[in-house]
Amino acid sequence: KQEVTQIPAALSVPEGENLVLNCSFTDSAIYNLQWFRQDPGKGLTSLLLIQSSQREQTSGRLNASLDKSSGRSTLYIAASQPGDSATYLCAVSLSNRLAFGKGNQVVVIP
Amino acid sequence: GAGVSQSPSNKVTEKGKDVELRCDPISGHTALYWYRQRLGQGLEFLIYFQGNSAPDKSGLPSDRFSAERTGESVSTLTIQRTQQEDSAVYLCASTVTLSGANVLTFGAGSRLTVL
């Protein structure tokens, strides 16, 4: 059974600092890995998708890396802003479903 | 439509009543998922539909839960004789397939409160 773990569970940083969010998974036989953002009371918004053959993906201030052999992904958010406050979820795709971590709850302090 | 649409957005019901939640996926998406998210918890897989194949129901927590989907269109999740522990946000998502570069797109969810 695929287990997805996200560390830290929660963190607070001052505005302007870089954020580093970690995701680990136990089964490396994945199709891809997605990072999502979830705001309170709302659904999930896809941020980045890394295919299993890729090492990283970038979108604006966001960069996600994937090391499939070691079962790890890291989401970097550069120069954090208060609007980045949210819960970030990591999900790995298996044959027919996504397995999710419990999320990194981020607060960016102005 | 442009996104995954779910209704109702909020539902308050009394214990023992049946509820029906609806999901309208993105047109052309053959795969549809239902997840449940209890307060402060991660996403829990419930059921998966892929085209006309038999659905994967392995995540349904009890026989009070059922879901249907006709072809590649709307899906309904039905919870019979609701219990307080059923209170959660029920999220629907769709994609072409889970492999490669196909992004899973979520709806805004249906928040269910069982009194």
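Data block above holds the structure.
Everything numeric here is computed off the predicted structure, so don't read it as measured data.

J.: I keep staring at the overall build of chain B and nothing clicks. Help me out?
T.: Within chain B, the secondary structure is distributed over zero helices and 10 strands. Counting from the amino terminus, helix and strand elements in chain B follow one another as β-β-β-β-β-β-β-β-β-β. Taking 13 Å as the expected radius of gyration for a compact globule of 115 residues, we find that chain B reaches 13 Å, a close match to that expectation. C-alpha extents for chain B along the principal axes are approximately 40 × 25 × 25 Å. When contacts within chain B are restricted to residue pairs at least 6 apart in sequence, long-range pairs at least 24 apart make up 53% of them.

J.: Explanation requested: the overall build of chain A in the structure shown.
T.: Secondary structure summary: chain A contains zero helices and 11 strands in total. Ordered by position from the N terminus, the helices and strands of chain A form the series β-β-β-β-β-β-β-β-β-β-β. Over its C-alpha trace chain A gives a radius of gyration of 13 Å, about what one expects of a compact globule, namely 13 Å for 110 residues. By principal-axis analysis of the C-alpha atoms, chain A measures approximately 40 × 25 × 20 Å. Taking contacts inside chain A between residues at least 6 apart in sequence as the whole, the part at least 24 apart equals 53%. When the accessible surface of chain A is summed, it comes to about 5,300 Å², and 47% of that surface belongs to carbon and sulfur atoms. The averaged location of the 8 negative side-chain charges in chain A is 7 Å from the averaged location of its 9 positive side-chain charges.

J.: What is the right way to read the interface of chain B and chain A from this model?
T.: Many descriptions give the size of an interface as the accessible area lost when the pieces come together. Each partner contributes to the interface: chain B provides 22 residues, whereas chain A provides 21 residues. With both sides pooled, the region where chain B packs onto chain A buries about 1,600 Å², and carbon together with sulfur makes up 57% of that total. Counting the contacts that link chain B with chain A gives zero salt bridges. Where chain B packs against chain A, one counts three residue pairs in polar contact (both at pLDDT 80 or more). Every element with two or more residues in the side of chain B that touches chain A is listed here: strand E4 (31-37) and strand E5 (43-50) of chain B. When grouped by side-chain class, the residues that make up the side of chain B that touches chain A number 12 nonpolar, eight polar and two charged.

J.: Could you clarify how one ought to interpret the packing of aromatic side chains in this entry?
T.: Any pair of aromatic rings gets described here by the distance separating the centres and the angle formed by the planes. Taken as a whole and judged by the stated rule, the model has eight aromatic pairs over all chains. With a centroid separation of 5.3 Å and 80° between ring planes, the pair formed by Phe100 of chain A and Tyr35 of chain B is classed as edge-to-face. Remark: Tyr35 of chain B occurs in strand E4 and Phe100 of chain A occurs in strand E10 (residues 98-100); the pair is interchain, linking two chains. In terms of burial, Phe100 of chain A and Tyr35 of chain B fall into one category: buried. One aromatic cluster is present, built from ring pairs that chain together Phe36 and Phe100 of chain A together with Tyr33, Tyr35, Phe45, Tyr48 and Phe106 of chain B.

J.: In this structure, what is going on with the side chain of Ser75 of chain B? I would like to understand it.
T.: Residue and element names in this part refer to chain B. Turning to its location among the elements, Ser75 is positioned in strand E7 (residues 75-79). Accessibility expressed as a relative area gives 0% for Ser75, which makes it buried. A polar atom in the side chain of Ser75 sits 3.0 Å from the side chain of Trp34. Separated by 2.9 Å, the side chain of Ser75 and the backbone oxygen of Glu68 make a polar contact. Aside from chain neighbours lying at most four places away, what touches Ser75 is Leu21, Arg22, Cys23, Leu32, Trp34, Phe49, Glu68 and Arg69.

J.: Any chance you could explain the pairing of strand E5 (residues 44-51) of chain A here in plain terms?
T.: A regular strand places its side chains so that they alternate between the two faces of the sheet. All names here are of chain A. One ladder, built from seven bridges, connects strand E4 (residues 32-38) with E5; its direction is antiparallel. Paired with Trp35 across the two strands is Leu48, which belongs to E5. Where E4 folds back onto E5 in an antiparallel hairpin, the turn is made up of five residues, including Gly41, whose phi is positive at roughly 75°.

J.: Help me understand the pattern of salt bridges in this model?
T.: Where charged atoms of side chains with opposite charge meet at close range, the side chains can pair. Residues and elements named next belong to chain B. Within this structure, the stated rule accounts for four salt bridges over all chains. For Asp86, the salt bridge identified is with Arg64, shortest N-O distance 2.8 Å. Highlighted residues: Asp86 in the loop between E7 and strand E8 (88-95) and Arg64 in the loop between E5 and strand E6 (65-69), separated in sequence by 22 residues. The burial state of Asp86 is the same as that of Arg64; both residues are buried.

Conventions we followed
Residues numbered from 1 in each chain as written. Chains lettered and ligands numbered in written order. Predicted model: local features only at pLDDT ≥ 70, side-chain atom pairs only at ≥ 80, totals over all residues. Heavy atoms only, no water. Helix = DSSP H or I, 4+ residues; strand = E, 2+ residues; numbered from the N terminus. Rg over C-alpha atoms; globule rule 2.2 N^0.38 Å. Contact = heavy atoms within 4.5 Å. Areas by Shrake-Rupley, 256 points an atom, 1.4 Å probe, with all protein chains shown as cover. Lys, Arg positive; Asp, Glu negative; His and termini not counted. Charge placed at Lys NZ, Arg CZ, Asp CG, Glu CD. Buried area = accessible area lost by both parts, 1.4 Å probe. Salt bridge = Lys/Arg side-chain N within 4 Å of Asp/Glu carboxyl O. Polar contact = N/O pair within 3.5 Å; in protein donor to acceptor, adjacent residues only side chain to side chain. Nonpolar A, V, L, I, M, F, W, Y, C, P; charged D, E, K, R; others polar. Phe/Tyr/Trp six-rings, centres within 6.5 Å; stacked < 30°, edge-to-face > 60°. Buried < 20%, exposed > 50% of the residue type's maximum accessible area, 1.4 Å probe, protein only. Pairing = 2+ DSSP bridges.

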